[in-house]
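# Close look at the chain arrangement
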Amino acid sequence: VDAVSTTHGFRSLRYDADAGFFLNQRHFKVRGFCDHNSFAVVGMAVPPRVDLFRAQALRALGGNGRRMSHNPPATSTLDIYDRLGVVVMDENRLFANSSKYVANMGALVRRDRNHPS
């Protein structure tokens, strides 16, 4: 028997042109940074301990959000942000309406949809 265990969360999101962003029916001001998801000599092979350090530093500075600029993050990165309560803007650098782009975005949404971050 195969089994998969995954952390999941539920949130409601709403944006109002006059009042701003709402998370779980409460006004929410995102304060955070942009993450290019690379580090020193390891490039894109960022170890989870570096992601943990970055998330803890963000929270220590009063931050609550992170934009994953240009590329989807590793799932281990999302797990860390889930545990620390950081809101993540998952991103894909491509902007198009081709079938390949739509398929890639669909895969990204399916992969990350259970993450509360």
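Residues numbered from 1 in each chain as written. Predicted model: local features only at pLDDT ≥ 70, side-chain atom pairs only at ≥ 80, totals over all residues. Heavy atoms only, no water.

## Observations concerning helix 2 (residues 75–84)
Along helix 2, the positions that sit buried rather than exposed are T77, L78, I80, Y81 and D82. At its buried positions, helix 2 is contacted by strand 4 (32–35), helix 1 (48–60), strand 5 (65–68), strand 6 (87–89) and helix 3 (99–112). (Buried < 20%, exposed > 50% of the residue type's maximum accessible area, 1.4 Å probe, protein only. Helix = DSSP H or I, 4+ residues; strand = E, 2+ residues; numbered from the N terminus. Contact = heavy atoms within 4.5 Å.)

## Here's the deal with the sheet that holds strand 4
A sheet is described by the order of its strands in space; here 3 strands give the open sequence 4-5-6, paired in parallel fashion. On the outer flanks of this sheet lie strand 4 and strand 6, each paired with one strand and no other. Between one strand axis and the next, the sheet turns by 20 degrees as a mean value, whatever way the strands run. (Pairing = 2+ DSSP bridges. Axes fitted to C-alpha atoms, helices over the stretch in contact; angles between N-to-C directions.)

## Some remarks on the packing of aromatic side chains
The tally for this structure, following the rule as stated, stands at 1 aromatic pair. Relative to F28, the ring of F21 lies with its centre 6.1 Å away and its plane at 70 degrees, an arrangement referred to as edge-to-face. Positioned over the ring face of F22 is R14, at 4.0 Å from the centre of the ring. (Phe/Tyr/Trp six-rings, centres within 6.5 Å; stacked < 30°, edge-to-face > 60°. Lys NZ or Arg CZ within 6 Å of the ring centre and 35° of its normal.)

## Description of the sheet that holds strand 3 (residues 26–27)
One open sheet accounts for 3 strands, arranged 1-2-3; its pairing is antiparallel. Looking at which strands have only one partner, the edges of the open sheet turn out to be strand 1 (13–16) and strand 3. Where strand 2 (residues 20–23) lies against strand 3, 2 bridges are found, and the strand directions are antiparallel. For L23, the partnering residue across the bridge sits in strand 3 and is R26.

## Some thoughts on the pairing of strand 5
Here 4 bridges tie strand 4 to strand 5, and the two strands are oriented parallel to one another. In the strand pairing of strand 5, D35 is matched with M68. Remark: the strand 4/helix 1/strand 5 crossover connection has right-handed handedness. Here 3 bridges tie strand 5 to strand 6, and the two strands are oriented parallel to one another. In the strand pairing of strand 6, G65 is matched with V87. (Right-handed = clockwise from strand over helix to strand, strands pointing away.)

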